[in-house]
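Spelled out from the first residue to the last, the chains are:
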Amino acid sequence: MTMTNTTGTSRDDLAPSERSGAPVALRHLRRRFATTTALDGFSLDLQPGEFVALLGPSGCGKTTALRVLAGFETPDEGSVWVDGADVTGVPAQRRDMGMVFQSYSLFPNLSAHDNVAFGLRLRKVSGSERRRRANELLELVGLAEHRSKFPHQLSGGQQQRVALARALAIEPRVLLLDEPLSALDAKVRAELRDQIRFLQRRLSITTLFVTHDQEEALSMADRVGVMYQGRAEQIAAPAELYARPETPFVAEFVGITSRVPATRRDDTHVELLGRVVPVRGHLGVSSPELEALLRPEDLTVRLAVDGPAVIVNRSFLGSTTRLEVALGSSIVKVDVAHRTSEDLPHLARVDLEVVAPDVLVSARR
Ligand code: ATP
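Please read these numbers as outputs of a predicted model, since none were measured by experiment. (Residues numbered from 1 in each chain as written. Predicted model: local features only at pLDDT ≥ 70, side-chain atom pairs only at ≥ 80, totals over all residues. Heavy atoms only, no water.)

Our next topic: the sheet that holds strand β15 (residues 299–303). Reading across the sheet, the five strands line up as β15-β19-β16-β17-β18 and stay open at both edges, with antiparallel pairing between neighbours. Bordering the open sheet on either side are β15 and β18 (330–337), each of which pairs with just one other strand. Neighbouring strand axes in the sheet, compared pairwise and without regard to direction, differ in orientation by 40° on average. Where strand β16 (residues 309–316) and strand β19 (residues 349–354) come together, two bridges link them in antiparallel fashion. Bridge assignment links alanine 309 to a residue of β19, and that residue is valine 350. (Pairing = 2+ DSSP bridges. Helix = DSSP H or I, 4+ residues; strand = E, 2+ residues; numbered from the N terminus. Axes fitted to C-alpha atoms, helices over the stretch in contact; angles between N-to-C directions.)

What follows covers the domain arrangement of the chain. Domain annotation for the chain reports domain 1 (11–243) and domain 2 (256–363). For domain 1 versus domain 2, the separation of C-alpha centres amounts to 40 Å. (Domains from an automatic or database assignment.)

A few words on the sheet that holds strand β1 (residues 24–33). In a beta sheet, neighbouring strands pair by backbone hydrogen bonds and run either parallel or antiparallel. Read across the sheet, four strands follow the order β2-β1-β4-β5 without closing on themselves; strand pairing throughout is antiparallel. Each edge of the sheet is formed by a strand with only one pairing partner; in this case those strands are β2 (36–46) and β5 (85–86). Note: β1 against β2, eight bridges, orientation antiparallel. The residue bridging arginine 30 from the neighbouring strand is aspartate 40, located in β2. Strand contacts of helix α2 (residues 62–70): β1, β2 and β4 (77–82), with the helix running at about 120° to β1, the strand carrying the most contacts. (Contact = heavy atoms within 4.5 Å.)

Right, here's the structure in full:
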């Protein structure tokens, strides 16, 4: 696609370094509402053109962080930086950001075309240029033949595509997506997920995406920020976040985790399932009685007639089988290659072995 800005330069004519989106920094944000602390010292940096998802339980402050970046909410403390400038006091309409919300929020009395062209009209772009750009964007989101329809004549997925085209039409420095897929059914959701990611990469727009859907965050984002009680628990690439969670909260919020009893050996090691294993990060608990938080692939099982554990459930997952293994009062989930699992029947006694190079631990519950 060739997008033309108000000075008449085509984005595709620009050198790659000039086409990058703006860097964004949220610094030590605090925001209280009466007795609720929505943001409690939240910081986040987005690189130019980066797609970052904020993930976390309901009420952890995701939307407030996005609204502070948009300029709809003023922080009590902290600052917001876009492209090296402090925009903390700049009103929303002068921040040059595109937004897509969960509710499609299109103007009901305007056609798809006029909805997309709306922001360009506000920016005093000429009529012919508005039409050209609106049509180009509608084509890009696959809605060229629906340009004259009104929102009530479009499906939810189509309306959300119009909303996306409208957000992109103004060539925003930053794109803000607040649960844009939540109202859509699974198939449309998956299609739109791919489309958003494709356009975001192609236009290289720095993007902040708020979601409570783990799969969406991990599959779409360059980095995911897991929030808890107004703070960032961990901000990392999806694979890193999954494989090396830094806190018990992240381990249990993202992916499957089993808790297995462990005993403190020294400041850097625990004894776990008969082995001495290094602790990941800092062992911030003084109690000798600990628990290791393990992914299903951090463990393996071996048949053993006098083994301490029993297979109590097996679920076929395609190339792997997930075993649920009873160990004392714990149920431990272990993934094994499907072929191997045929030798591991229901109610077989087994030995459990840790195969992870290090483990995350917390105090025993
Ligand atoms: P969800 O996933 O449910 O949308 P969230 O992580 O986006 O949650 P926020 O909407 O940022 O959470 O809200 C954080 C906290 O601040 C919540 O406890 C919420 O009730 C509170 N809050 C947010 N906006 C306001 C407001 N305008 N007035 C009072 N409290 C608010």
